[in-house]
There are 2 protein chains.
Amino acid sequence: MHVLVTGAAGMIGRKLADRLARDGALGGTAITMLTLTDIVEPPVPSGFSGSVRRVTTDLAAPGVAASLVSTRPELIFHVAGVVSAEAEMDLEKGYRANLDGTRALLDAIRCVGEAYRPKVVFTSSCAVFGAPFPETIDDDFHLTPLTSYGTQKAMCELMLADYSRRGFLDGVGLRLPAVCVRPGPPNKAASGFFSAIIREPLAGRETTLPVSEAVLHTHASPRATVGFLIHAAGLSREALGPRINITMPGVCCTVGEQIEALRRVAGDAAVARIRRAPDPLVETIVAGWPHRFDAARARALGFVAESSFDEIVRIHVEDDLGGRIPD
Amino acid sequence: MHVLVTGAAGMIGRKLADRLARDGALGGTAITMLTLTDIVEPPVPSGFSGSVRRVTTDLAAPGVAASLVSTRPELIFHVAGVVSAEAEMDLEKGYRANLDGTRALLDAIRCVGEAYRPKVVFTSSCAVFGAPFPETIDDDFHLTPLTSYGTQKAMCELMLADYSRRGFLDGVGLRLPAVCVRPGPPNKAASGFFSAIIREPLAGRETTLPVSEAVLHTHASPRATVGFLIHAAGLSREALGPRINITMPGVCCTVGEQIEALRRVAGDAAVARIRRAPDPLVETIVAGWPHRFDAARARALGFVAESSFDEIVRIHVEDDLGGRIPD
């Protein structure tokens, strides 16, 4: 099987490529070739016995998508995209990367011809939802995004469903919760503190908490997120039915509960590195985000998230800190 | 005030232009100029004292939308689009006309510059909904269209909301129910019989009914539909709030109730011209359509539909048959 991963240089794309390389197979079928593409050069995953092709390119540019699918990958993970803050700062870049890039990929697949019908796993986001919300967001709650990023993801979900219905491809869109703990340096995203309050203290560094400990949010680890993508690739058309865009499960907890999980895993010393520094702007932004999802369909389809935030902290230690907490 | 109407040669566009010309004003402000555009030449509405400019052009073609908004119309009714059956038959044409045409218009408005922020009234459709449905579709039910037409309308709704949120324009999207009674010759749309079973018998012609009399559907007259558009143009940003796409009200009734309304208005002889000819294909298509809408937000915002199907039949007689029923 030939697998194409877009956005393969990003955090999720890299972890996905590593997992595919390590597993060497998917649903019992050997992966013989991995095509990894992104706007910057993706790293080569280690330990893969098949061939790896890396393509550094802009998916939205003319002819690029057609070239990528001309070799007919049976499975496509479409992870590429511009993140929320960037799509809000630069409107044209966001629509170009997130909407036009996806549309270029879907149209290129359509244009290959009748016999080609790949599985396409698309990373959508819970940013497709916009306040006001009910206590818990059900699987049939409408999409009223309050960011351009969420708008673009919702538009792509619709197109993916239409192209699936028409038989050009077998699509499945996954609305990811907040991915936590994100490794790497702190970023400027308003959501950055959800990861920073775990990652920075674990690394022995101080960090700030800009919101109240009562703030409620839903999280999944990078490992669980990659697991969602792999699980989605194995779902049959029949199991999915016509509603192919699905809200993923996660651990719903308060910031206070996140901090208590950190204390259980790493002790009081780690927790002491979190300094309260309320930021009214961040508090306002976060108040507009969804808190809790029912995700009944996803659970019924076998998608599995962590069962506690403690588990999310431990996965970060295992996957990103080599299994040990620095002194 | 300068008003631009796209799709001005279509059934709703023509009736809207006639109403604007007849009223000569909107919300107490005189209409000094009407720009009417469509892919075929729109008719000149009669009795208008201001100036009328007709532009026969393709909205999705490069530069066209920019040219149309360069004169800064304060109010834009965006009615243009390819209908459901055509968008399903010709995928590229549908995406081009319905998605790219709308996007071209919205981007052209954005590019005019900061001081320009027109009101944009967009005709969406209840085709944005897709089965399975609850008994009544609430205002917060999700959009899972089962046609490319519905997909394109839903994508445009999202973009309209995003561009409104960002302050480029003041958008409002109206999800229209079935427009009934449609004047003119029968068309090939699967929904055509809802109008034909009223229009054809009233004109002394026989017609066929392809579905059971138990089929439930929601209707609004062309006159009420034009009324929705006019009412939407007068809504303030504050009244609308961030959720600018609204399901319109209508008369929900069975085909049997439609026929009894015809009997009350036009007698047994008219009803006798309806011949039962069940068509399994049409029955299947119609079964996938939504039946009943709550439309609570629209009603609260002052949108008014007919109160009975009898009224819809009488409006057809008044507006399209010159007030009298042929013998």
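Please refer to the structure placed before this passage.
Conventions adopted
- Residues numbered from 1 in each chain as written.
- Chains lettered and ligands numbered in written order.
- Predicted model: local features only at pLDDT ≥ 70, side-chain atom pairs only at ≥ 80, totals over all residues.
- Heavy atoms only, no water.
- Buried < 20%, exposed > 50% of the residue type's maximum accessible area, 1.4 Å probe, protein only.
- Helix = DSSP H or I, 4+ residues; strand = E, 2+ residues; numbered from the N terminus.
- Pairing = 2+ DSSP bridges.
- Right-handed = clockwise from strand over helix to strand, strands pointing away.
- Salt bridge = Lys/Arg side-chain N within 4 Å of Asp/Glu carboxyl O.
- Contact = heavy atoms within 4.5 Å.
- Expected span 1.5 Å × (residues − 1).
- Bend = angle between axes of the 7 residues up to and from the residue.
- Polar contact = N/O pair within 3.5 Å; in protein donor to acceptor, adjacent residues only side chain to side chain.
- Least-squares fit on C-alpha atoms with pLDDT ≥ 70 in both.
- Patch = residues over 30% accessible without salt bridge, like charges linked within 9 Å, V, L, I, M, F, W, Y side chains within 5 Å.
- Areas by Shrake-Rupley, 256 points an atom, 1.4 Å probe, with all protein chains shown as cover.
- Lys, Arg positive; Asp, Glu negative; His and termini not counted.
- Charge placed at Lys NZ, Arg CZ, Asp CG, Glu CD.
- Buried area = accessible area lost by both parts, 1.4 Å probe.
- Axes fitted to C-alpha atoms, helices over the stretch in contact; angles between N-to-C directions.
- Parallel < 35°, antiparallel > 145°, perpendicular 65-115°, else oblique.
- Nonpolar A, V, L, I, M, F, W, Y, C, P; charged D, E, K, R; others polar.

Some details on the pairing of strand β7 (residues 119-125) of chain B
Residues and elements named next belong to chain B.
Piece 1. With respect to burial, β7 is a largely interior element, seven of its seven residues being buried.
Piece 2. Of the two faces of β7, both are covered, the one formed by Lys 119, Val 121, Thr 123 and Ser 125 as well as the one formed by Val 120, Phe 122 and Ser 124.
Piece 3. By the bridge criterion, four bridges tie strand β6 (residues 75-78) to β7 in an arrangement that is parallel. Pairing of Leu 75 across the sheet is with Lys 119, part of β7.
Piece 4. As paired elements, β7 and strand β8 (residues 170-176) share seven bridges and run parallel to each other. If you follow Val 121 over to β8, its bridge partner there is Val 172.
Piece 5. Taken together, β7, helix α5 (residues 148-165) and β8 constitute a β-α-β crossover, and its handedness is right-handed.

Describing the pattern of salt bridges
Where side chains of opposite charge bring their charged atoms close, a pairing between them can arise.
Piece 1. For the structure on display, the rule yields 46 salt bridges over all chains.
Piece 2. Taking the shortest distance from any N to any O, the salt bridge between Arg 166 of chain B and Glu 88 of chain A comes out at 4.0 Å. Of the two residues, Arg 166 of chain B sits in the loop between α5 and β8 while Glu 88 of chain A sits in helix α3 (residues 84-89), which places them in two different chains.
Piece 3. According to the relative accessible area criterion, Glu 88 of chain A is partly exposed, its value standing at 26%.
Piece 4. The salt bridge partner of Asp 58 of chain B is Arg 96 of chain B, with a shortest N-O separation of 2.3 Å. Linking Asp 58 of chain B in the loop between β5 (51-56) and α2 (64-69) with Arg 96 of chain B in helix α4 (residues 91-112), this pair joins segments that are 38 residues apart in sequence.
Piece 5. Judged by relative accessible area, Asp 58 of chain B falls into the partly exposed class, the value being 24%.
Piece 6. Several salt bridges converge on common partners, so that one network encompasses Glu 92 and Asp 100 of chain A together with Arg 103, Asp 107 and Arg 110 of chain B.

Some thoughts on the side chain of Thr 102 of chain B
All names here are of chain B.
Piece 1. Assignment of secondary structure puts Thr 102 in helix α4.
Piece 2. Using a relative accessible area of 4% as the deciding quantity, one classes Thr 102 as buried.
Piece 3. When near neighbours in sequence (up to four residues on either side) are disregarded, Thr 102 contacts His 78, Ala 97, Phe 122 and Cys 156.

Let's talk about α4 of chain B
Residue pairs spaced three or four apart in an α-helix point in one direction, given the helix's 3.6 residues per turn.
Piece 1. Between the first and last C-alpha of α4 of chain B there are 31 Å, a value that for 22 residues agrees with the 32 Å anticipated at 1.5 Å per step.
Piece 2. Of all the bends found along α4 of chain B, the most pronounced is centred on Asp 100 of chain B and spans about 30°.

Comments concerning unusual backbone geometry
Piece 1. Put simply, Cys 180 of chain A and Val 181 of chain A share a cis peptide bond, and its omega is 10°.
Piece 2. As for its placement among the helices and strands, Val 181 of chain A is situated in the loop between β9 (178-179) and α6 (192-202).
Piece 3. Following Ala 131 of chain B, the chain continues to Pro 132 of chain B via a peptide bond in cis, the omega torsion being 0°.
Piece 4. Turning to its location among the elements, Pro 132 of chain B is positioned in the loop between β7 and α5.
Piece 5. Here Ala 295 of chain A, not a glycine, exhibits a phi torsion of approximately 55°, which is positive.
Piece 6. By secondary structure assignment, the location of Ala 295 of chain A is in the loop between α11 (280-287) and α12 (296-300).
Piece 7. Owing to a relative accessible area of 1%, Ala 295 of chain A belongs among the buried residues under this scheme.
Piece 8. Although it is not a glycine, Arg 72 of chain B sits at a positive phi angle of roughly 55°.
Piece 9. Residue placement: Arg 72 of chain B occurs in the loop between α2 and β6.
Piece 10. A relative accessible area of 37% places Arg 72 of chain B in the partly exposed class.

Focus: the side chain of Ser 125 of chain A
Piece 1. Mapped onto the elements of the fold, Ser 125 of chain A is located in strand β7 (residues 119-125).
Piece 2. Among the polar contacts listed, one links the side chain of Ser 125 of chain A to the backbone nitrogen of Ala 127 of chain A, at a separation of 2.9 Å.

Some details on the relation of the copies chain A and chain B
Piece 1. Laying chain A over chain B is done by rotating through 180° and shifting 0.0 Å along the axis; what remains is an RMSD of 0.0 Å. On the angle and the small slide along the axis, the relation comes out as a two-fold axis. In terms of C-alpha distance to the rotation axis, chain A has His 142 of chain A as its closest residue, with the C-alpha 1.8 Å off the axis.
Piece 2. An overlap of 100% is found between the interface residues of chain A and their copies at the interface of chain B, pointing to a shared contact surface.

Quick look at a negative patch on the surface
Piece 1. Residues Asp 138, Asp 140 and Asp 294 of chain A together with Asp 138, Asp 140 and Asp 294 of chain B make up a contiguous surface patch of negative charge.
Piece 2. Classification of Asp 138 of chain A by relative accessible area gives partly exposed; the value is 38%.

Examining the interface of chain A and chain B
Piece 1. Taken residue by residue, the interface counts 34 residues in chain A and 34 residues in chain B.
Piece 2. Roughly 3,000 Å² is buried in total at the junction of chain A and chain B, and carbon and sulfur atoms are behind 52% of that figure.
Piece 3. A per-residue breakdown of the area chain A buries against chain B is headed by His 142, Leu 158 and Arg 243 of chain A, which together make up 22% of the total.
Piece 4. Counting across the chain A and chain B interface gives eight salt bridges.
Piece 5. Between chain A and chain B we count 31 residue pairs in polar contact (both at pLDDT 80 or more) in total.
Piece 6. If you list the elements that add at least two residues to the side of chain A that touches chain B, you get α3, α4 (91-112) and α5 (148-165) of chain A.
Piece 7. It is α5 of chain A that provides the largest number of residues to the side of chain A that touches chain B, a total of nine residues.

Section: the packing of α4 of chain B against α5 of chain B
Residue and element names in this part refer to chain B.
Piece 1. The contact between α4 and α5 brings their axes to 9 Å, and the two run at 10°. When the axis of α4 is compared with that of α5, the two are roughly parallel. Together, Leu 91, Gly 94, Tyr 95, Asn 98, Leu 99, Thr 102, Arg 103, Leu 106, Asp 107 and Arg 110 of α4 and Ser 148, Tyr 149, Thr 151, Gln 152, Met 155, Cys 156, Met 159, Leu 160 and Tyr 163 of α5 make up the contact between the two elements.
Piece 2. Its residues assigned to classes, the contact of α4 with α5 shows ten nonpolar, six polar and three charged.

Observations concerning the sheet that holds strand β4 (residues 33-38) of chain B
Residues and elements named next belong to chain B.
Piece 1. Ordered in space as β5-β4-β1-β6-β7-β8-β12, the seven strands form an open sheet in which the pairing is parallel. Unpaired on one side and paired on the other, β5 and β12 (245-247) mark the two borders of the sheet. Ignoring which end each strand starts from, the neighbouring axes of this sheet average 15° apart.
Piece 2. Here β8 runs beside β12; their pairing, made up of three bridges, is parallel. What sits directly across from Gly 173, in β12, is Asn 245.
Piece 3. The strands that α4 touches are β6 and β7; relative to β6, the one it contacts most, it runs at about 170°.

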